[in-house]
Amino acid sequence: MNSKEKYPKIWEILEQVSDPEIPVLSIIDLGVVRDVREINGQIEVDITPTYSGCPAMNMIETEIKATLDQHGIKAQVKLVLSPAWTTDWMSESGKNKLREYGIAPPQDEPITVNTLFGKPEHIECPRCKSKNTELISQFGSTACKALYKCLDCLEPFDYFKCHR
Ligand SMILES: [Zn+2]
């Protein structure tokens, strides 16, 4: 039995905790919550930061404790740094929510020379789905995002670039 089946209520409550940087995404959508277990009657939640040194993680930890506390559950939060978070852990519904929010979700692409240098090619515009886009800046509104511009609808948009 995995921890989702064992503690469905906890996972359900954790759905209410949103990512401080992208409020439309829950920490479950992001795949930040790795495990939930019970030790000596206390709940322990494992989380993995989306990138190391992410200042949002302290907020997430506080938020997890506060939200579970509202439901009468005392919890400890444990930071698990290995294995490192990858965008593969982001749920499909999470990717859809990002798109609706106007941020291009991380794309599954074979690693090319360009992606190695942090310049993934052909990022799809979240508004018009055009792949005719160009990188404006490696850093968008936060370090986790790059700023792109769509050459068809001419709108700038953020690309969620943090992988691993
Ligand atoms: Zn566009």
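See the structure shown above.
Residue indices follow the written sequence of each chain, beginning from 1 at its first position. Local features are withheld for residues below a pLDDT of 70 in this predicted model, meaning they are given only at 70 or higher, and side-chain atom pairs are given and counted only at 80 or more; totals for whole chains, interfaces and linings count all residues.

K.L.:
Just to check I follow, could you spell out unusual backbone geometry for this structure?
P.N.:
Keep in mind that most residues, glycine aside, have a negative phi and that most peptide bonds are trans. The residue after Ser-82, namely Pro-83, is reached through a cis peptide bond having omega 0°. The secondary structure listing takes helices from DSSP runs of H or I that are at least 4 residues long and strands from runs of E that are at least 2 residues long, numbered from the N terminus. For Pro-83, the location among the structural elements is in the loop between strand S3 (75-79) and helix H5 (92-100). Phi is positive for Asn-40, which is not a glycine, with a value near 50°. Within the secondary structure layout, Asn-40 lies in the loop between strand S1 (33-39) and strand S2 (42-47). With a phi angle near 65°, Leu-154 is a residue other than glycine that sits in the positive phi range. On the secondary structure map, Leu-154 appears in the loop between strand S6 (145-150) and strand S7 (156-160). Once C-beta atoms are placed from the backbone, each residue is buried if 20 or more other C-beta atoms lie within 10 Å of its own, exposed if 12 or fewer, and partly exposed for counts between those two. Judged by the 9 C-beta atoms lying within 10 Å of it, Leu-154 falls in the exposed class.

K.L.:
In this structure, what is going on with the sheet that holds S7? I would like to understand it.
P.N.:
Adjacent strands of a sheet pair through backbone hydrogen bonds, lying either parallel or antiparallel. A pair of strands counts as paired when DSSP detects no fewer than two bridges linking them. Ordered in space as S4-S7-S6-S5, the four strands form an open sheet in which the pairing is mixed. A strand with exactly one partner marks an edge of an open sheet, and here the two such strands are strand S4 (103-104) and strand S5 (133-137). The pairing of S6 with S7 spans five bridges and is classified as antiparallel. Paired with Lys-145 across the strands is Phe-160, a residue of S7.

Purely geometric stuff here, so don't read any function into it on its own.
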